[in-house]
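The primary structure of each chain is shown beneath.
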Amino acid sequence: MTAPPDTAAVATRARPTPWWLWVAPGLALLPALVPFTFLMGRVLGSGSRLSDIVLSSQTARLIANTATLVVLVVISTAVIGIGAAWLTERTDLRGRRLWRVVVMLPLVMPSYVIALALLAATGPRGYLSDLAGFTIPAVSGLIGAWLTLTLATYPYVYLAASASLRRLDSAHEEAARGLGAGPWRAFRTIVLPQLRPAVGSGLLVVALYTLSDFGAVSLLRFDSFSRVVYAQYAGRLDRTPAAVLASVLVVLALVVVWAEWRTRGRAAYHGRPVTRPPRLARLSTTGSAVATGLLTALALVSLVIPLGVLVAWASRVSGPVIPWDAMAGSLTAATLAALLASALALPTAVLIARHSSRTTRWVERTAYAVFALPHVTIGLATVFFAARYLGGFYQSLTVLVAVYAAVFFAQALGPTRAALLQVSPAIEEASRSLGAGPMRTIVRITAPTVRRGLVAGALLVFLTTMKELPATLLLRPTGFETLAIDVWSAADSLLYSRAAVPAILLLVVAAIPTYLLTRRET
Amino acid sequence: MSNAISCRDLHKRFGDEVILDGFSMEVPEGSIVGLLGPSGSGKTTALRVVAGFERPDAGAVEVAGVTVVDENTFVPPERRRVGMVFQDFALFPHMTVGANVGYGLPKGEPRRVAEVLEMVGLAGMERRLPHELSGGEQQRVALARALAPSPAVILLDEPFSNLDAPQRDRVRREVRNILVEARTTTVFVTHDQAEALAISDVLAVMRAGRVLQTATPNELYCHPTNAWVAQFLGEGSIVAGTAGRGTVETPLGRFPASGDAVGEVEVLIRPEHVRITADSGGTALVVTSEYFGHDQLITLHVADGRRLLARSGPLPLFRPGDRVRYEITEAVVLAGSAA
């Protein structure tokens, strides 16, 4: 008999928790929570105007628009994400290793860059119209937003589905085949249900992204929530409609989270460590050609055409106009946010993983809830709160970075916590019994052992901060430029060649952390 | 001789689960004490309370005469002078052997590091990384790391369970020698009876959160105070009987018995005290027999449905169905059972 591992079960329970561990999640999340609470209070206190605005026909139309877009994008990303994952993980498709990378690449593309490419390619002034010699109809409105957000978000579903397919024990599938099920029936009844938890969480990300997307819908002139909230704020002196609509948007986000939670099901699927590689489905010659064709089309639409169009427009710029200020602004803000979020994520991960209690589980949930909040809402809430209590102090880099770190805190926390859970708590206890206090133990033992998780979290925060648009737009100090702002404002004024240069720079800078992250995955 | 550790009436529960239920233990200075019990008996928790990783709900612990925990006191682990060797060794993976061993010393004191590494037979290994070492070497680094700051006591949690069977006996002997040489008070936790008997000076047998009996290994085996301890440490049959002046009267007959108790008692009969002889007219029937090479363990069916365990040499071989004669040469009266 081997030793009963009762140490591990005991280790996380009932230990004295140093009080200062609670400071980190507080510092991280309060910059989002305090203004948000203030906004909710203000909205609920607005009396009859609240019901007037919520029940207006304009709000009903907004909800219908946004819901339509979310449903369409969820369906199309599910089909593309799962289909591509199956082709690259479970078939003998030629070049599937390369396809795995190509299919993930659009992760680098912010929605507004794809939207910019779409606008710059179609319509009377479009680059593709020039090339074709006739006017390709402008792709905007619902169709444009649907296409853009599908291309921007399907990699989230792909990542979840392919990771899950890789862990899946092919013995289940083989058992089904042995019981007489054909390949399609085995896939539908055995594989698909087991993918559900992972794909469900991928689709949740897609739905929340679509719901709160600001850049693409505003450039493509589709009236979904974020666009109208911002327009109400920017265009009117009366701030109440913007505040109310921003709160309704939060309610929609809650509905999405609730829906995912309801459909998650109760079965527990345990991915066992797979010891032998899954048997790959044989594609026929025709099947192989069709698959390659579909993936090539996807790569053309999501990567080659947008990049080609951007480069073409950029080459029309007379003289070198590299926006150094915006570049510096983006790098500064993203670096500071990544450092702050990671620095606070380490003690928070220790709190959650090593001092687990009902309260710490709430801390973790709160971090994810803040991550799910639409950025337009957080930005507006901060503006209102600061205007009231901070005397306009909100237009400072400090506030901007604190808000970034708060909304992206969950991204820094997730990998750090996961890394910590893989480390035996005995390591920290050994340090304690050798005379090191809790603080020294975190710095000298915990941080180095979870550094991979910390770095991965920091890279994620850096990446998403680089791409962030609405909160930046609302909170940036006067004169503070970022690449995202440059792209958006030039594109919004239909200055495609001026937008193309920062867009390309943005993609280049975003590609670096993405490359580092995917290299770790494989 | 004073006590290096003294635990008094410790209680600890996790939720509804009672883990320690009046745990008391005295560990004399300089001794090697084994804490033996089945899984879930609370032995690891007891060790963690002494080390300061868990706070008991009630009770007190003294280490080297200093109260480290009671109702009003809680000394954090880093100030208890208690060294711990973990089940999975818990070496810091990002530090060299030297840095691991020097971690508990002010400024790493390279001379002391070299000294303890020498003591565990790993002289000159300072620059290696933990993952480059074998399991037995990692074990010794963990021990050296715990010994380096000269703690008042060393605690070992299932120290040999992570080693392969062939290594285990050798490492166990080495570790015992190191501990004896270092003259450190040691408490180690194990669920392996053979291991516990082999390396402890004193053994405390635990069940359901408390210590049932503390004695030398030999005393525990020969004179257990209750039936559970008797059967946990080795095989044996328990029968009811009436004790009096060096003998005991049982349904299996009258035979010599050790123990002071008189009257209605429980009696332990170890298999090595049952002598059997093949006899087609015998009253006992062999039910099962397990062959171990150096001996055989035989279950007998004796009068009125009772079973009796007997041990016999390698020959003659007994098989199920054989008829045998048996003789009980001695038995132990369980002191705890006397009315």
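Cut-offs used in this document
Residues numbered from 1 in each chain as written. Chains lettered and ligands numbered in written order. Predicted model: local features only at pLDDT ≥ 70, side-chain atom pairs only at ≥ 80, totals over all residues. Helix = DSSP H or I, 4+ residues; strand = E, 2+ residues; numbered from the N terminus. Rg over C-alpha atoms; globule rule 2.2 N^0.38 Å. Buried ≥ 20, exposed ≤ 12 C-beta atoms within 10 Å, placed from the backbone. Contact = placed C-beta atoms within 7 Å. Pairing = 2+ DSSP bridges. Axes fitted to C-alpha atoms, helices over the stretch in contact; angles between N-to-C directions. Domains from an automatic or database assignment. Nonpolar A, V, L, I, M, F, W, Y, C, P; charged D, E, K, R; others polar. Arc of directions from axis to C-beta. Expected span 1.5 Å × (residues − 1). Core = buried A, V, L, I, M, F, W, Y, C linked by C-beta atoms within 7 Å. Parallel < 35°, antiparallel > 145°, perpendicular 65-115°, else oblique. Left-handed = near helix turned anticlockwise from the far one by under 90°.

Caption draft 1: Structural view of the overall build of chain A. When you go through chain A residue by residue, the secondary structure sums to 25 helices and zero strands. A compact globule built from 522 residues would reach a C-alpha radius of gyration of about 24 Å, and chain A, at 24 Å, matches this within 12%. If one aligns the C-alpha atoms of chain A with their principal axes, the spans along those axes are about 75 × 65 × 50 Å. In chain A, which comprises 522 residues, the proportion classed as buried is 48%. Partitioning the contacts of chain A with sequence separation of at least 6, the portion at a separation of at least 24 is 83%.

Caption draft 2: Examining the overall build of chain B more closely. The helix and strand inventory of chain B stands at eight helices and 20 strands. Counting only C-alpha atoms, chain B reaches 80 × 45 × 40 Å along its principal axes. Taking as baseline every contact in chain B between residues at least 6 positions apart, the subset at least 24 positions apart corresponds to 65%.

Caption draft 3: Seen up close, the sheet that holds strand β17 (residues 296-301) of chain B. Residue and element names in this part refer to chain B. With antiparallel pairing, the five strands of this open sheet are ordered in space as β15-β19-β16-β17-β18. Of all strands in the sheet, those with a lone pairing partner are β15 (274-278) and β18 (307-312), marking the two edges. Within the sheet, the average angular offset between the axes of one strand and its neighbour, ignoring direction, is 40 degrees.

Caption draft 4: Structural view of the domain arrangement of chain B. We note that the domain assignment places domain 1 (3-222) and domain 2 (235-337) within chain B. Look at where the C-alpha atoms of domain 1 of chain B and domain 2 of chain B centre, and you get two points 39 Å apart.

Caption draft 5: Inspection of the sheet that holds strand β13 (residues 253-258) of chain B at higher detail. Residues and elements named next belong to chain B. Ordered by their spatial adjacency, five strands build a closed barrel running β11-β12-β13-β20-β14, and the pairing between neighbours is mixed. Strand-to-strand twist of the sheet, defined as the mean angle between neighbouring strand axes without regard to direction, takes the value 50 degrees. Bridge count for β13 against strand β20 (residues 331-333) is two bridges, and the pairing is parallel. Pairing of Ser258 across the sheet is with Val332, part of β20.

Caption draft 6: Molecular detail of the interface of chain A and chain B. With 25 residues of chain A at the contact, the number on the chain B side is 31 residues. Taken together, the elements giving at least two residues each to the side of chain A that touches chain B come down to α1 (6-11), α20 (425-433) and α21 (438-449) of chain A. By residue number, the principal contributor to the side of chain A that touches chain B is α20 of chain A, which donates seven residues. Of the residues contributing to the side of chain A that touches chain B, the split by class is 12 nonpolar, eight polar and five charged.

Caption draft 7: Focus on the environment of Tyr156 of chain A. All names here are of chain A. Turning to its location among the elements, Tyr156 is positioned in helix α8 (residues 141-167). Separated by 43 residues in the primary sequence, Tyr156 and Val199 have C-alpha atoms spaced 8.8 Å apart. Tyr156 has contacts with Gly202, Val205 and Val206, leaving out every residue within four places of it along the chain.

Caption draft 8: View of helix α5 (residues 96-104) of chain A. Residues and elements named next belong to chain A. All buried positions along α5 are accounted for by Trp99, Val103 and Met104. The buried side chains of α5 occupy one side of the element, clustering within an arc of 125 degrees when seen end-on. Exposed residues pointing more than 90 degrees away from the buried face of α5 are listed as Arg97, Leu98 and Val101.

Caption draft 9: Local environment of the domain arrangement of chain A. Residue and element names in this part refer to chain A. Entries for chain A in the domain assignment read domain 1 (18-32 + 324-480) and domain 2 (56-265 + 276-318). For domain 1 and domain 2, the distance between their C-alpha centroids amounts to 27 Å. Counting residues at the interface gives 11 residues for domain 1, matched by 19 residues for domain 2. With five residues, helix α17 (residues 375-389) is the single largest residue contributor to the side of domain 1 that touches domain 2. Considering only residue class, the side of domain 1 that touches domain 2 consists of eight nonpolar, two polar and one charged.

Caption draft 10: Just the environment of Thr122 of chain A, in detail. Residues and elements named next belong to chain A. As for its position among the elements, Thr122 is in the loop between α6 (111-121) and α7 (127-132). For the pair Thr122 and Arg227, spaced 105 residues apart in sequence, the C-alpha to C-alpha distance is 22 Å. With near-sequence residues (within four places) excluded, Thr122 lies in contact with Leu128, Ser129, Ile136, Pro137, Ala138 and Val139.

Caption draft 11: Seen up close, α21 of chain A. Residue and element names in this part refer to chain A. With 12 residues, α21 should reach 16 Å at 1.5 Å per residue; the first-to-last C-alpha distance of 15 Å fits that figure. Every buried residue of α21 is listed here: Pro438, Thr441, Ile442, Ile445, Thr446 and Thr449. Buried positions in α21, seen along its axis, are confined to an arc of 125 degrees and lie on one side of it. Facing away from the buried side of α21 by more than 90 degrees, the exposed set consists of Met439 and Val443. Its buried side turned inward, α21 meets α15 (324-354) and α20.

Caption draft 12: Expanded view of the nonpolar core. Counting residues in each nonpolar core, the largest one holds 162 residues, and the members touching the most others are Leu116, Ala341, Leu380, Ala405, Phe409 and Val487 of chain A. Ranked by residue count, the leading element in this core is α15 of chain A, at 15 residues. Core analysis: the second largest hydrophobic core is formed by 96 residues, Ile32, Ala90, Leu155 and Ile328 of chain B among them.

Caption draft 13: Just the packing of helix α19 (residues 409-421) of chain A against helix α22 (residues 451-467) of chain A, in detail. Residue and element names in this part refer to chain A. Between α19 and α22, whose axes approach to 7 Å, the crossing angle comes to 165 degrees. Comparing their axes, α22 and α19 come out roughly antiparallel. In this structure, α19 crosses over α22, and the sense of that crossing is right-handed. Facing α19, whose interface residues are Gln411, Ala412, Leu413, Gly414, Pro415, Thr416, Ala418, Ala419 and Leu420, α22 presents Arg452, Gly453, Leu454, Ala456, Gly457, Ala458, Leu460, Val461 and Thr464.

Caption draft 14: Unusual backbone geometry, seen in detail. Cis geometry marks the peptide bond from Leu315 of chain B to Pro316 of chain B, where omega comes out at -10 degrees. Tracing the sequence through the fold places Pro316 of chain B in the loop between β18 and β19 (323-328). Phi is positive for Arg221 of chain A, which is not a glycine, with a value near 55 degrees. In this structure, Arg221 of chain A sits in the loop between α11 (215-219) and α12 (225-235). Despite not being glycine, Ala64 of chain B has its phi angle at roughly 50 degrees, a positive value. Judged by the 18 C-beta atoms lying within 10 Å of it, Ala64 of chain B falls in the partly exposed class.

Caption draft 15: How the structure looks around the pairing of β17 of chain B. Residues and elements named next belong to chain B. Only one face of β17 is covered, namely the one carrying Gln296, Ile298 and Leu300; the face carrying Leu297, Thr299 and His301 has none of its residues buried. The sheet contact formed by strand β16 (residues 284-291) and β17 spans six bridges and is antiparallel. Across the sheet, Leu285 pairs through a bridge with His301, a residue of β17. A loop of four residues connects β16 with β17, the two strands running antiparallel in sequence, and Gly293 in this loop sits at a positive phi of about 95 degrees. Summarising the sheet, β17 and β18 pair through six bridges and their orientation is antiparallel. Directly across from Ile298, in β18, lies its bridge partner Ala310. Adjacent in sequence and paired antiparallel, β17 and β18 are bridged by five residues, among which Asp304 carries a positive phi angle near 35 degrees.

Caption draft 16: How the structure looks around the pairing of strand β8 (residues 185-190) of chain B. Residues and elements named next belong to chain B. Within β8, six of the six residues are buried, which leaves it mostly tucked inside the rest of the structure. Here β8 shows two buried faces, one formed by Thr185, Val187 and Val189 and the other by Thr186, Phe188 and Thr190. The pairing of strand β3 (residues 32-36) with β8 spans five bridges and is parallel. Among the inter-strand pairings, Ile32 is bridged to a residue of β8, identified as Thr186. Examined bridge by bridge, strand β7 (residues 153-157) and β8 share five bridges and lie parallel to one another. Across the sheet, residue Leu156 finds its bridge partner in β8, namely Phe188.

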